[in-house]
Amino acid sequence: MNPIKTSIGPDQARELFRAELADVRTDAELQALRTRWVGRKGSWVAAFMDALATATPEQKKTFGRGANELKKEVEAAIAEREGVLAAMRRPAHAVDITLPGRAPRLGHRHPLSLIRDEVGAIFTRLGYQVLEGPEIEDDYHNFEALNMPEEHPARDMQDTLYLAEPLKIGAGQPRTLLRTHTSAMQIRHMEKNDPPVRLVAIGPVYRKDNLDLTHTPMFHQVEGLVVGKGVTLADLKGTLAAMAEALFGAGTGVRFRPSFFPYTEPSAEVDIQCIKCKGAGCAMCKRTGWIEILGSGMVHPAVFEAVGYDPNEITGFAFGMGVERVALLKWGVEDIRLFYENDLRFLEQFGL
Amino acid sequence: MKVLLSWIRELVDVPESAEEIGKLMSVRGLALEGLEPHGDDVVMDFDVTANRPDCLSMIGIAREIATAYDRPLKMPEERDFSPAGQATIPIAIENPELCGRYAGAVADVKIAPSPDWMQARLTACGIHPISTIVDITNYVLLELGQPMHAFDLHTLGGRAIHVRKAKPGESIKTLDGKTRALNADMLVIADAERAQAIGGVMGGCDSEVTDATTQIVFEAAWFSPASVRTTSKKLGLRTEASMRFERGMDITAPARAIARACALLEQIGAGKATDGIVDVYPNPQPARQIVLERTRISGLLGMPVPDAQVERILAALGFTTAPHGQGWTVTVPGWRIDIKRPVDLIEEIGRHHGFEHLPSTFPGVQQAPASSDPRIARDRRVRTALLGMGYSEAITFAFIEAIAAGPFLGSDAPVALANPLSEKFAVMRPSLLPGLIDAVSHNRRHGRRDVQLFEIGTRFSPRGETRGAAVAWTGLATADHWSGARRDVDFFDVKGAIEQLAAVSLVSLTFAEADVPYLVQSRAATIAVNGTAIGVVGLLDARVGDRRDLPAGDEVYVAEINLDALTAQAPADTLRTTPLPRYPSVVRDLSILVDDALSAETVRGTIRSAAPVTLIQVREFDRYQGKGIPDGKVSLSFRLTFQSPERTLTDEEVQAGMQQIIDALTRDLQALQR
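Residues numbered from 1 in each chain as written. Chains lettered and ligands numbered in written order. Predicted model: local features only at pLDDT ≥ 70, side-chain atom pairs only at ≥ 80, totals over all residues. Heavy atoms only, no water.

Engineer: How do you make sense of the interface of chain B and chain A when you look at a structure like this?
Structural biologist: Accessible area lost when the parts come together is the quantity often used to give the size of an interface. Contact with chain B, which involves 88 residues of that partner, is made by 87 residues of chain A. Both sides together, the interface formed by chain B and chain A hides about 7,400 Å², and carbon and sulfur atoms give 57% of it. Area buried by chain B at its contact with chain A is led by F355, I395 and L421 of chain B, which between them contribute 10% of it. Its salt-bridge partner being E305 of chain A, residue R341 of chain B comes within 3.0 Å of it at the nearest N-O pair. Grouping the amino acids of the side of chain B that touches chain A by side-chain chemistry returns 41 nonpolar, 29 polar and 18 charged. (Contact = heavy atoms within 4.5 Å. Buried area = accessible area lost by both parts, 1.4 Å probe. Salt bridge = Lys/Arg side-chain N within 4 Å of Asp/Glu carboxyl O. Nonpolar A, V, L, I, M, F, W, Y, C, P; charged D, E, K, R; others polar.)

This is the structure we're talking about:
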């Protein structure tokens, strides 16, 4: 007895087929489907054909058309799906493109070197020359010519590292100390060059500071110096505002606070708008909305006199900024010592 | 400087809150460091810059606040000593260059605790109350900034004061109970017999005011900053007084301070001044006058400041102005020892007019910018090349431990620091390698297997500074990848990196085997350009690594070159290209068997000297020892390229050239062609 004849007809069978076809994913499943539906023996279509053999003429008329249409549809659908599966099959030369690539090794830039270059590029764009200078200095270039004579109280502000034995290098005073600021470069440059001057000097400086979250005995500084006729404090503000925007993003405001440095008059400490809260006040800026970033001012006439410039003829501005400080702020680094540990887990967070 | 808000409000009418005052003063030159409630009052802590000793006082801070808020300053009450009374204590200054002025006054006193209000103010400002007289001197110190002292008149030997240098062997027991030996450069305040105080630093025990005191001499003086600094440093004794005298005090202030102290004395009922003020001022200094031209103000600041504002600010700060030519003659008050030039006045005007009014402008350009230090571009080139070769950039401290520097010193003495922060930072690095080795060690100890680092920085020797580049590499040389074979770093990886650096600098290097104290023998070479040694390459000696806590068994390959020496040998920027070859090249491979002690350099040299000029390149492409090769021999394979700029080479020519080479190898090196 054939169950098909009594249970369902070709129309219901077509529904069943469509449902089964929809589940086919592989060649093997398609082959099984083919056998089940249009195989020579035991398939749905074969069963319908067998049933047809014993049917009445009236039944043959209606049932037979349905069975034949089912057979055609099944064969066409299987052929079509076969084509689809063939198109999906991976060719022999295929690679798994989701495997990781064979990356050539590439080093990572040190964050301080990134800032140094970025600042250098900003000022090169503004028409400055970028200079470097000796790290072992003499007393004259580091202090005296910068209006800090031996008895000057400002020397208390900087705890200086001195050499055990002075070094005699070239002409000039014996070198006795590690430069405490890049300002020493101002003097070296102005001694050898007439105004106008427009330079930044970048490099390591040294102070006798114990290591902690915010201090290291060696750190890096950017010194800027512009000298010429009619250079003003407002020019300094415009320049530093441009630098702040280039370093910390458009719209970063700057604020000048009067301060004191022996080598500038007037002197100003410069704050940028807090980069975290944009001036609203947060923990990072101690609720003030401002973060101190550098010291600056108009070059003191005594400095010009020391290098043989006439302070009645020219004026100038100078500023000094800590590279580490910029990096700490820019990237949210919480411990300055990380810059000197050279831990690859830290360095690899920075690009090229 | 800690000031009490109520005290400030006595001197200037500022109902504004401490926070508001702090905020404004922070942009007027007095940064507020801290605010602390003190009962109903507030202690404001202002950061006073080194040039402003006048602001180490209530009156100084109040004057700044009064100027900022444009309100009048109310001076504290002084005792009127006019007409001048009779002086009853003779004062003699023997060294007017060290003590420019000395004022004193005698008073009958009652020693008791000072009134509560005075004690409270002193306590709030961090000074421990003692008794009426001592508290009055401290009160005046805080209020006016003028240090004062009081001697018990009856303990002075002879009713006289001599300001003189200490005598040989003289000593004094100071108020802190210590006996201090004095030297002949130190200034003392003495009676007729012996030193009773160290000028500007501290008083002595013998003449200390005690409960039994009934008559005192108030002292207020002006001492030379340098003298007080030297004495205080030599004695290791810093006091509220010495700290102020060191920075420079107002030479016009001593008599005013005495008058104020006597007013307080009478106000609190602690006694009465008996005679007039004795004021010894051997070389009176005229008040300093500065001519300030109007145009200089806007010329320096880049913002206009109206004349009326200039005059208001200067007057509020205690200057007097008189019109003069295109500006003013400005008379500087005695307490403004920092004001010496027109620019100093312009700063006062600028900061009180407000830096917030500064426009943002740019300096004009008069000429093309000069070129930058050529080292910057060179270092960038080297840095970029090393990053491209997989080395990450390190920056290490320029001072290192003496023991770490040892192997790298060569015949030089170390450049040592006189006052290093610690033994870890005792000498300036002679080489970048100690720092890099420490960085490798740090990474290895933090679980990193492969470490590949470089540093570009300064090295120090007694001859000066040189810029170097150094690399260090340990671990895998190959990429750590699912697909491939792995290999540890070896000598040739690091040598290759250095060769690439030379290539980007357009120089060629020679390598020579060498003994280097910190490198493993026979895996170390010196690097030279045109016969000038510029560096080393090799395997780090395990003992050196061990001392820097490098894990045992780690092989670290290192190299260091002197970039300044490399640059000196690099050709000037005269690169001229050669045209591309017009005729084809011919490539021949050659395999030979030679003694394995022969260096590649020797074999290459023999090939080159025997070859015709048409041999343009020799490249080792295989080196094999093992199965099929006799002991002590090595099989070397070379790829030789022949080319002529003038014509296409014939087979016969190339063959003849090859034969010459083979003959030479056989004859000179006993090579066997394979």
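More follows now that the structure is in view.
Engineer: Teacher, can you tell me more about the packing of helix α9 (residues 294-301) of chain B against helix α11 (residues 342-353) of chain B here?
Structural biologist: Residues and elements named next belong to chain B. Two numbers describe how α9 lies on α11: the axes approach to 10 Å, and their chain directions differ by 70°. When the axis of α9 is compared with that of α11, the two are roughly perpendicular. Between α9 and α11 lies a crossing whose hand is right-handed. Here α9 contributes R296, I297, L300 and L301 to the contact with α11, which in turn contributes V343, I346, I349 and G350. Of the residues that constitute the contact of α9 with α11, the class distribution is six nonpolar, one polar and one charged. (Axes fitted to C-alpha atoms, helices over the stretch in contact; angles between N-to-C directions. Helix = DSSP H or I, 4+ residues; strand = E, 2+ residues; numbered from the N terminus. Parallel < 35°, antiparallel > 145°, perpendicular 65-115°, else oblique. Left-handed = near helix turned anticlockwise from the far one by under 90°.)

Engineer: How should I be thinking about the side chain of E135 of chain A in this particular structure?
Structural biologist: Examined against the element boundaries, E135 of chain A turns out to sit in the loop between β1 (129-131) and β2 (136-137). The buried charged residue E135 of chain A lacks any salt bridge partner; its closest oppositely charged side chain belongs to R179 of chain A, at an N-O distance of 4.9 Å. In terms of polar contacts, E135 of chain A uses its side chain to reach the side chain of Y206 of chain A, at 2.6 Å. Setting aside anything within four residues of it in sequence, one finds E135 of chain A in contact with L177, L178, R179, P204 and Y206 of chain A together with T458, F460 and E465 of chain B. (Buried < 20%, exposed > 50% of the residue type's maximum accessible area, 1.4 Å probe, protein only. Lys, Arg positive; Asp, Glu negative; His and termini not counted. Polar contact = N/O pair within 3.5 Å; in protein donor to acceptor, adjacent residues only side chain to side chain.)

Engineer: What is the right way to read the environment of K74 of chain B from this model?
Structural biologist: Residues and elements named next belong to chain B. Turning to its location among the elements, K74 is positioned in the loop between α3 (58-69) and β4 (91-93). Residue K74 is classed as partly exposed on the basis of its relative accessible area, which comes to 42%. As for K74 and A62, which are separated by 12 residues in sequence, their C-alpha atoms are 9.1 Å apart. Each residue touching K74, except ones within four places of it in the same chain, is listed here: R9, E10, L11, V12 and D13.

Engineer: Hey, could you run me through unusual backbone geometry in this one?
Structural biologist: Peptide bonds are trans in most cases, and residues, glycine excluded, mostly fall at negative phi. Along the chain, P195 of chain A connects to P196 of chain A via a cis peptide bond; the corresponding omega equals 0°. The amide bond that connects E265 of chain A to the next residue, P266 of chain A, takes the cis arrangement and shows omega of -5°. The residue P266 of chain A is located in strand β8 (residues 264-273) in this model. Of note, the phi angle at L506 of chain B is positive, near 60°, even though the residue is not glycine.

Engineer: Help me out: how do you make sense of the confidence of the model for chain B in this one?
Structural biologist: Note: predicted coordinates in regions of low pLDDT should not be interpreted at a detailed level. Residue and element names in this part refer to chain B. When pLDDT is averaged across chain B, the result is 93; 99% of the residues are at 70 or more. Mean pLDDT in chain B bottoms out at strand β32 (residues 672-673), which sits at 89, and peaks at strand β28 (residues 557-562), which reaches 98. Predicted complex metrics record ipTM = 0.89 and pTM = 0.86. (pLDDT = per-residue confidence, 0-100.)

Engineer: Looking at this structure, I do not really get helix α2 (residues 18-26) of chain B. What am I missing?
Structural biologist: Every α-helix winds through 3.6 residues per turn, so residues three or four apart in the chain are directed the same way. Burial in α2 of chain B covers these residues: A18, I21, G22, M25 and S26 of chain B. Viewed end-on, α2 of chain B has its buried residues packed into an arc of 125°, placing them on one side of the element. Pointing more than 90 degrees away from the buried face of α2 of chain B are the exposed residues E19 and K23 of chain B. Each element contacted by the buried residues of α2 of chain B is listed here: β7 (254-261) of chain A together with α1 (5-11), β2 (31-38), β3 (41-47) and α3 of chain B. (Arc of directions from axis to C-beta.)

Engineer: Which parts of the structure should I look at to understand the sheet that holds strand β11 (residues 195-198) of chain B?
Structural biologist: Strand pairing in a sheet is mediated by backbone hydrogen bonds. Such pairs are either parallel or antiparallel. All names here are of chain B. The five strands are arranged β4-β7-β10-β11-β12 in an open sheet whose pairing can be described as mixed. Either end of the sheet is taken by a strand with one partner, and the two such strands are β4 and β12 (202-203). Note: strand β10 (residues 187-190) against β11, three bridges, orientation antiparallel. Note on β11: the bridge partner recorded for A190 is A195. (Pairing = 2+ DSSP bridges.)

Engineer: Explain the environment of R194 of chain B to me, please; I cannot follow it from the model alone.
Structural biologist: All names here are of chain B. Relative to the helices and strands, R194 resides in the loop between β10 and β11. Sequence-wise, R194 and S171 are 23 residues apart; in three dimensions their C-alpha atoms are separated by 9.0 Å. When near neighbours in sequence (up to four residues on either side) are disregarded, R194 contacts R164, E170 and D206.

Engineer: Looking at this structure, how should I read the pattern of salt bridges?
Structural biologist: Taken as a whole and judged by the stated rule, the model has 67 salt bridges over all chains. In this structure, D27 of chain A and R89 of chain A form a salt bridge, with 2.8 Å as the shortest nitrogen-oxygen distance. With D27 of chain A in helix α3 (residues 27-38) and R89 of chain A in the loop between α5 (57-88) and α6 (111-125), the pair connects residues that are 62 residues apart, well separated along the chain. Accessibility expressed as a relative area gives 36% for D27 of chain A, which makes it partly exposed. Among the residues examined, R89 of chain A registers a relative accessible area of 47% and is labelled partly exposed. Among the salt bridges present, the one from D554 of chain B reaches R444 of chain B, with a minimum N-O distance of 2.5 Å. Of this pair, D554 of chain B sits in the loop between α16 (542-547) and β28 while R444 of chain B sits in helix α14 (residues 433-445), placing them 110 residues apart in sequence.

Engineer: In this structure, what is going on with the sheet that holds β3 of chain B? I would like to understand it.
Structural biologist: Residue and element names in this part refer to chain B. Taken in spatial order, the three strands line up as β1-β3-β2 in an open sheet, and their pairing is antiparallel. Lying at the two open borders of the sheet, with one neighbouring strand each, are β1 (2-4) and β2. Across the sheet, the axes of successive neighbouring strands diverge by a mean angle of 25°, strand direction being ignored. Examined bridge by bridge, β2 and β3 share seven bridges and lie antiparallel to one another. The residue bridging L35 from the neighbouring strand is M44, located in β3.

Engineer: Explain the side chain of R175 of chain A here, please?
Structural biologist: Residues and elements named next belong to chain A. Mapping R175 onto the fold places it in strand β4 (residues 175-178). Buried and unpaired, R175 has D138 as its nearest opposite-charge partner, separated by 4.1 Å. Ignoring sequence-local partners within four residues, the contact set of R175 consists of P134, I136, E137, D138, L163, P166, L167, I169 and R188.

Engineer: Hey, could you run me through the pairing of strand β9 (residues 290-299) of chain A in this one?
Structural biologist: For a regular strand, side chains alternate in direction, first toward one face of the sheet and then toward the other. Residues and elements named next belong to chain A. With eight of 10 residues buried, β9 lies mostly within the body of the structure. In the sheet, β8 pairs with β9 via eight bridges, with the strands oriented antiparallel. Paired with E269 across the strands is G295, a residue of β9. Note that β9 and strand β10 (residues 315-322) share five bridges and pair antiparallel. Its bridge partner being in β10, G297 is matched across the sheet by A318.

Engineer: Whenever I open this one, the packing of aromatic side chains confuses me. Can you help?
Structural biologist: Two descriptors summarise a pair of aromatic rings, namely the distance from one centre to the other and the angle between the planes of the rings. Per the counting criterion, the structure on display carries 22 aromatic pairs over all chains. Look at W44 of chain A and F48 of chain A: their rings are 6.3 Å apart centre to centre, the planes differ by 40°, and that puts the pair in the tilted class. Of this pair, W44 of chain A and F48 of chain A both sit in helix α4 (residues 44-53), separated by four residues, roughly a single helical turn. With respect to burial, W44 of chain A and F48 of chain A carry one shared label: buried. Between the aromatic rings of F123 of chain A and F319 of chain A, the centroid separation amounts to 5.5 Å while the plane-to-plane angle is 35°, which identifies the pairing as tilted. With F123 of chain A in helix α6 and F319 of chain A in strand β10, this residue pair connects regions lying 196 residues apart in the sequence. For F123 of chain A, a relative accessible area of 0% puts it in the buried group. One aromatic cluster is present, built from ring pairs that chain together Y206 and Y340 of chain A together with F397, F399 and F425 of chain B. It is R639 of chain B that lies over the ring of F621 of chain B; its NZ or CZ is 4.4 Å from the centre. (Phe/Tyr/Trp six-rings, centres within 6.5 Å; stacked < 30°, edge-to-face > 60°. Lys NZ or Arg CZ within 6 Å of the ring centre and 35° of its normal.)

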